[in-house]
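# Examination of the molecular architecture
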Amino acid sequence: MGNIPAARNGPSDSAPLGAMTLHPLPESVPLARRWFRKFIAPYDPACSVDDCVLMISELVTNAIVYGRADETWVVRVEWFRRGASLRVDVHNPGFPASVRMRRPDANDAHGRGLLLVDALAESWYAGPSRFGGTLVSFEMADAWPS
């Protein structure tokens, strides 16, 4: 898939700790941030919730901008505990081959979302979604150290 780094683990098969379904509208981005903060709080992860919220903002924005479907569609966000790690999955109906990390120039206003995810997350993954379309996810290590 070109520039996409391989995740250490593929998509999670366990039940999510939380999930949200969002309409592909700009106002869904701040909604995703608020909902994630609210719904992750009872699990008290040791990783940076602020970093997770920033990455969710970037991936939901990308899902809204690049997701495409012939009928009404949604963006799905789910989060899972995988051992000591927190994994967040963002699904949209776009094509997996279109996910790539860009190297924007200093003057480019866009194109830094996956660079941020690559810098902040332990690992990230892009590929086919089990809902059809695209899955982009990230994993934060030591969210629940033993």
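Keep in mind that what you see is a predicted model, and the values were worked out from it rather than measured.

This brings us to the pairing of strand β2 (residues 75-82). Along any regular strand, the residues point their side chains to alternate faces of the sheet. With 5 bridges joining them, strand β1 (residues 18-22) and β2 adopt antiparallel strand pairing. By the bridge assignment for β2, T21 is matched with R76. Of the pairings in the sheet, the one linking β2 to strand β3 (residues 85-92) comprises 7 bridges and is antiparallel in character. Residue pairing for β3: R81 is matched across the bridge by L86. Between β2 and β3, which pair antiparallel one after the other, the connecting turn spans 2 residues, and G83 there sits at a positive phi close to 65 degrees.

To continue, consider the packing of helix α2 (residues 49-66) against helix α3 (residues 113-120). Across the interface, α2 lies against α3 with an axial gap of 9 Å and an inter-helix angle of 150 degrees. For the element pair α2 / α3, the angle class is roughly antiparallel. In the packing of α2 onto α3, the handedness of the crossing is left-handed. In this structure, α2 contributes D51, L54, M55, E58, L59 and N62 to the contact, and α3 contributes G113, L114, L116, V117 and L120. Classifying every residue of the contact of α2 with α3 by side-chain character gives 7 nonpolar, 2 polar and 2 charged.

Spatially, the 5 strands line up as an open sheet ordered β1-β2-β3-β5-β4, and their pairing is antiparallel. Two strands bound the open sheet, and with one partner strand each, they are β1 and β4 (123-128). Mean inter-strand twist for the sheet, computed between neighbouring axes without regard to direction, equals 15 degrees. With 6 bridges joining them, β4 and strand β5 (residues 134-140) adopt antiparallel strand pairing. When the bridges of β5 are listed, P128 appears paired with T134.

Below, the discussion takes up α3. Those residues of α3 lying buried are G113, L114 and V117. An end-on view of α3 places all buried positions within 90 degrees of arc, on one side of the element. Check the buried side of α3 and you find it contacts α2, β4 and β5.

The next point concerns the pattern of salt bridges. Overall, the coordinates contain 5 salt bridges when judged by the stated rule. In this structure, D89 engages R87 in a salt bridge whose closest nitrogen and oxygen atoms are separated by 3.2 Å. E139 serves as the salt-bridge partner of R87, at 3.1 Å between the closest nitrogen and oxygen. Of this pair, R87 sits in strand β3 while E139 is found in strand β5, placing the two residues 52 residues apart along the sequence. Overall, the relative accessible area of 1% leaves R87 in the buried class. Several salt bridges converge on common partners, so that one network encompasses R82, R87, D89 and E139.

Moving on, we get to the packing of aromatic side chains. Applying the stated rule across the entire model yields 1 aromatic pair. Relative to W79, the ring of F36 lies with its centre 5.1 Å away and its plane at 80 degrees, an arrangement referred to as edge-to-face. With F36 in helix α1 (residues 28-40) and W79 in strand β2, this residue pair connects regions lying 43 residues apart in the sequence. For the residue pair F36 and W79, the accessibility class agrees, reading buried in each case. Across from the ring centre of F131, 4.3 Å away, lies the NZ or CZ of R76, which sits over that ring.

Reading the values: the criteria
- Residues numbered from 1 in each chain as written.
- Predicted model: local features only at pLDDT ≥ 70, side-chain atom pairs only at ≥ 80, totals over all residues.
- Heavy atoms only, no water.
- Pairing = 2+ DSSP bridges.
- Helix = DSSP H or I, 4+ residues; strand = E, 2+ residues; numbered from the N terminus.
- Axes fitted to C-alpha atoms, helices over the stretch in contact; angles between N-to-C directions.
- Parallel < 35°, antiparallel > 145°, perpendicular 65-115°, else oblique.
- Left-handed = near helix turned anticlockwise from the far one by under 90°.
- Contact = heavy atoms within 4.5 Å.
- Nonpolar A, V, L, I, M, F, W, Y, C, P; charged D, E, K, R; others polar.
- Buried < 20%, exposed > 50% of the residue type's maximum accessible area, 1.4 Å probe, protein only.
- Arc of directions from axis to C-beta.
- Salt bridge = Lys/Arg side-chain N within 4 Å of Asp/Glu carboxyl O.
- Phe/Tyr/Trp six-rings, centres within 6.5 Å; stacked < 30°, edge-to-face > 60°.
- Lys NZ or Arg CZ within 6 Å of the ring centre and 35° of its normal.

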